[in-house]
Amino acid sequence: MPDLSSRQLVVFSLGSEEYALPVGAVHEIIRFTEVLTVSSAQLEAVPVSGDGAVEAIARIGDRLVLLLDPEGVLAGTPAAA
C-alpha cells in the first residue's frame, strides 16, 4: 500500500530558482532529472498568491523548492488551436 503522507516530485531549475511538479503531471523528461520523494512534513502551505500557480513550498535539506500546481500554472493560458 502506498504511503499517503509522501509525494514524488520532479524537481527542475529555472535560473537560480528550483521548482517541482507532481510526478503524475509530467508527461516526459527530456534530460535526466532527479525524482524526489518528500514527506508531508516537508511541505509548507503558502499564502494565497492569487493565481494558484504555487501549491506549497518543499523544504529539502537546506533547499526551498516551489511545488507548482499544474492546473494553476496553465490557468489563463490560451488553449492550442
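Refer to the structure above for everything that follows.
A quick note: this is a predicted structure, and the numbers were derived from the prediction, not measured.

Chemist: Any chance you could explain the pairing of strand β5 (residues 54-60) here in plain terms?
Modeler: Regular strands place their side chains on alternate faces of the sheet. The pairing of strand β4 (residues 43-44) with β5 spans two bridges and is antiparallel. Residue pairing across strands places E44 opposite I57, the latter belonging to β5. Two successive antiparallel strands, β5 and strand β6 (residues 63-68), enclose a turn made up of two residues, where G61 displays a positive phi of approximately 65 degrees.

Chemist: Looking at this structure, I do not really get the nonpolar core. What am I missing?
Modeler: As a rule of thumb, soluble globular proteins bury nonpolar side chains together. Among the nonpolar cores identified, the biggest contains ten residues, and these are L9, V11, A20, L36, V38, A56, A58, I60, V65 and L67. A total of three residues in this core trace back to one element, the largest contributor, which is β5. Apart from residues lying up to four places away in sequence, V65 is in contact with V11, E18, Y19, A20, A56, I57, A58 and I60.

Chemist: Looking at this structure, I do not really get the pattern of salt bridges. What am I missing?
Modeler: Charged atoms that come close allow side chains of opposite charge to pair. Applying the stated criterion to the full structure yields three salt bridges. Notably, a salt bridge pairs E55 with R7, separated by 2.7 Å at the nearest N-O pair. Remark: R7 occurs in strand β1 (residues 6-14) and E55 occurs in strand β5; sequence separation between them is 48 residues. With relative accessibility at 35%, the residue E55 sits in the partly exposed group. A relative accessible area of 29% means that R7 is categorised as partly exposed. Residue E18 is joined to R63 by a salt bridge in which the shortest nitrogen-to-oxygen separation is 2.9 Å. Taken together, the residues E18 in strand β2 (residues 17-22) and R63 in strand β6 connect sequence positions 45 residues apart. According to the relative accessible area criterion, R63 is partly exposed, its value standing at 28%.

What counts and what doesn't
Residues numbered from 1 in each chain as written. Predicted model: local features only at pLDDT ≥ 70, side-chain atom pairs only at ≥ 80, totals over all residues. Heavy atoms only, no water. Pairing = 2+ DSSP bridges. Helix = DSSP H or I, 4+ residues; strand = E, 2+ residues; numbered from the N terminus. Core = buried A, V, L, I, M, F, W, Y, C linked by side-chain atoms within 4.5 Å. Buried < 20%, exposed > 50% of the residue type's maximum accessible area, 1.4 Å probe, protein only. Contact = heavy atoms within 4.5 Å. Salt bridge = Lys/Arg side-chain N within 4 Å of Asp/Glu carboxyl O.

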